[in-house]
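Understanding the architecture of this molecule
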Amino acid sequence: MTQYSSDTIRPIRFEDGNLYLLDQRLLPDETVRQCYTDAGEVAAAIRDMVVRGAPAIGITAAFGVVLACRKARGQAGWRERVAADMERLRAARPTAVNLFWALDRMAREVDAATDLEAAIEATTAAARQMLDEDIAGNRRMGCHGAGLIEPGRAVLTHCNTGSLATGGYGTALGVIRAAWDDGRITEVFADETRPWLQGSRLTAWELVHDGIPVQLLCEGAAASLLRSGRVGWVIVGSDRIAANGDVANKVGTYGLALLARAHGVRFMVAAPLSTIDFDMPDGDGIPIEQRAEDEVLALAGTRVAAAGARAYNPAFDVTPAHLIDAIVTEHGVVEAPDHDKLAELRQRAAAAQDAVLED
Ligand code: MRU
């Protein structure tokens, strides 16, 4: 039976009407929680990477809507004010579909509310539920994903997909946690993940915290590592999965998928159903965030690139579905994903939801 190891890191807290975000820019050196009471500031926090990772961005934006409602107290035209704040949140980052999924869910709560106090109550309950459901779903996803892993080898992961990137526990890192607890993996290799170093700063911090052995590598070392036979699975998360199974994730994921296929290593994507954008037919249409050149040209605020050089800095890339062995969600596993299999998963999840509501 799976024993869940240390699962105490919580990046998002909502207490006494205030939103607290663990400032991920300062980790691992400092653990500082920033306090927010204003939705516009929450949008800036998402854009500036105080909080990051697709599910965490969505949950944070949901609480941003709660703050927008609270701030509208005593103001004329509360619906317009809340709608304007929701637009600010919507514009924070373009790739993670969880942001838009969460805001659409919150917009339905606001629209259904008869007055502002009812909106505050309904949005608060919905955001809290989203946070709780995310953690519970990640645990189920962890079990589903771990079940695919034959014991005895290491795994390689990219970026940070752990507690910090979600409500808690993690997606790909949740699978890794569950697989470690089940004795299925020997160790974790984690890409450092330039330019924000989510691997070195965040994934390593979480794994060390949990006592799971981790070795960091520069992305350039992945090819020889995968050729060595030490790694059984590459396991990553996603910011948006198109209806045909193409996967947008942290830049460098596509290269890893190609390397994995070339060396007979299996490739798993772990993400909640809310990351699947059924309105996006394939990966070509997924908006890819381009971030500031300085993120590549400088390290820790100090310019390291030659003067005059410019930088190409897409934050994500798209891995075609045919390179993916399994998409793992809280509702189960889809092997060799394609349009029909994902549509079937969606139907199964909706039927399960209806059954719960009928109970
Ligand atoms: O730019 P980031 O740090 O927000 O990118 C995060 C990723 O690419 C993650 O892999 C993805 O959001 C899944 S997190 C569970």
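It should be emphasised that the depicted structure is a prediction, and the values quoted were computed from it without experimental measurement.

A short note on the overall build of the chain
Scanning the chain from terminus to terminus reveals eleven helices and 16 strands. The C-alpha radius of gyration computed for the chain amounts to 20 Å, which stays within 12% of the reference 21 Å derived for 359 residues, consistent with globular compactness. Principal-axis analysis of the C-alpha atoms gives the chain an extent of 65 × 60 × 40 Å. When the 359 residues of the chain are sorted by exposure, 54% land in the buried category. Restricting the contact set of the chain to residue pairs at least 6 apart, pairs at least 24 apart contribute 76%. Summed over its atoms, the accessible surface of the chain is roughly 14900 Å², and 50% of this surface lies on carbon and sulfur atoms.

Re the site of the ligand
The environment of the ligand is made up of 18 residues, and the closest members are Ala54, Arg93, Gln198, Asn249 and Lys250. Take Asn249: an N or O atom from its side chain is 2.6 Å from an oxygen atom of the ligand. Side-chain polar atom of Lys250 to an oxygen atom of the ligand: 2.7 Å apart, as the coordinates give it. Burial of the ligand by the surrounding chains reaches 99%, relative to a free accessible area of 410 Å². If you list the elements that add at least two residues to the shell around the ligand, you get helix 2 (54-71) and strand 9 (247-250). Tallied by class, residues from the shell around the ligand come to six nonpolar, eight polar and four charged. Split by domain, the residues of the shell around the ligand number at least three in each of domain 1 (12-136) and domain 2 (139-358).

Looking at the domain arrangement of the chain
Domain boundaries in the chain define domain 1 (12-136) and domain 2 (139-358). Placing a centre on the C-alpha atoms of domain 1 and another on those of domain 2 gives a separation of 24 Å. With 28 residues of domain 1 in contact, the opposing surface of domain 2 contributes 30 residues. Both faces combined, the contact of domain 1 with domain 2 buries some 2400 Å², and carbon together with sulfur accounts for 55% of it. Contact with domain 2 buries area across many residues of domain 1, yet Arg52, Thr95 and Ile135 alone supply 25% of it, more than any other trio.

Focus: helix 11 (residues 339-358)
The first and last C-alpha atoms of helix 11 sit 29 Å apart over 20 residues, in line with the 28 Å expected at 1.5 Å per residue. For helix 11, the complete set of buried residues consists of Leu342, Leu345 and Ala349. Along the long axis of helix 11, the arc covered by the buried residues comes to 55°, so they all point the same way. Opposite the packed face of helix 11, turned more than 90 degrees from it, sit the exposed residues Asp340, Gln347 and Glu358. Elements in contact with the buried residues of helix 11: strand 8 (240-242), strand 11 (276-277), strand 15 (326-329) and strand 16 (332-335).

Looking at the sheet that holds strand 1 (residues 12-15)
Pairing is antiparallel across the open sheet formed by three strands, whose spatial order is 1-2-3. Each of the sheet's edge strands pairs with one partner strand only, and the pair in question is strand 1 and strand 3 (33-36). The sheet shows a mean angle of 25° between the axes of neighbouring strands, taken without regard to direction. Strand direction decides the pairing type here: strand 1 and strand 2 (residues 18-22), joined by four bridges, are antiparallel. The partner of Ile12 across the bridge, within strand 2, is Leu21.

Some points on the pattern of salt bridges
Enumeration according to the criterion identifies 19 salt bridges in this entry. Ionic pairing is found between Glu133 and Arg105, a salt bridge with its closest N-O pair at 3.5 Å. Of this pair, Glu133 sits in helix 5 (residues 116-146) while Arg105 sits in helix 4 (residues 97-112), placing them 28 residues apart in sequence. On the basis of relative accessibility, which here comes to 39%, the residue Glu133 falls in the partly exposed class. Taking the shortest distance from any N to any O, the salt bridge between Glu289 and Arg291 comes out at 2.8 Å.

Considerations on the packing of aromatic side chains
Within the structure shown, the criterion is met by one aromatic pair. An angle of 20° between the planes, with centres 5.0 Å apart, marks the rings of Phe14 and Phe63 as stacked. One end of the pair, Phe14, is in strand 1; the other, Phe63, is in helix 2, and 49 residues separate them in sequence. Directly above the aromatic system of Tyr169 lies the positively charged group of Arg139, at a separation of 5.8 Å from the ring centroid.

Quick notes on the rules
Residues numbered from 1 in each chain as written. Predicted model: local features only at pLDDT ≥ 70, side-chain atom pairs only at ≥ 80, totals over all residues. Heavy atoms only, no water. Helix = DSSP H or I, 4+ residues; strand = E, 2+ residues; numbered from the N terminus. Rg over C-alpha atoms; globule rule 2.2 N^0.38 Å. Buried < 20%, exposed > 50% of the residue type's maximum accessible area, 1.4 Å probe, protein only. Contact = heavy atoms within 4.5 Å. Areas by Shrake-Rupley, 256 points an atom, 1.4 Å probe, with all protein chains shown as cover. Near = heavy atom within 4 Å. Polar contact = N/O pair within 3.5 Å; in protein donor to acceptor, adjacent residues only side chain to side chain. Nonpolar A, V, L, I, M, F, W, Y, C, P; charged D, E, K, R; others polar. Domains from an automatic or database assignment. Buried area = accessible area lost by both parts, 1.4 Å probe. Expected span 1.5 Å × (residues − 1). Arc of directions from axis to C-beta. Pairing = 2+ DSSP bridges. Axes fitted to C-alpha atoms, helices over the stretch in contact; angles between N-to-C directions. Salt bridge = Lys/Arg side-chain N within 4 Å of Asp/Glu carboxyl O. Phe/Tyr/Trp six-rings, centres within 6.5 Å; stacked < 30°, edge-to-face > 60°. Lys NZ or Arg CZ within 6 Å of the ring centre and 35° of its normal.

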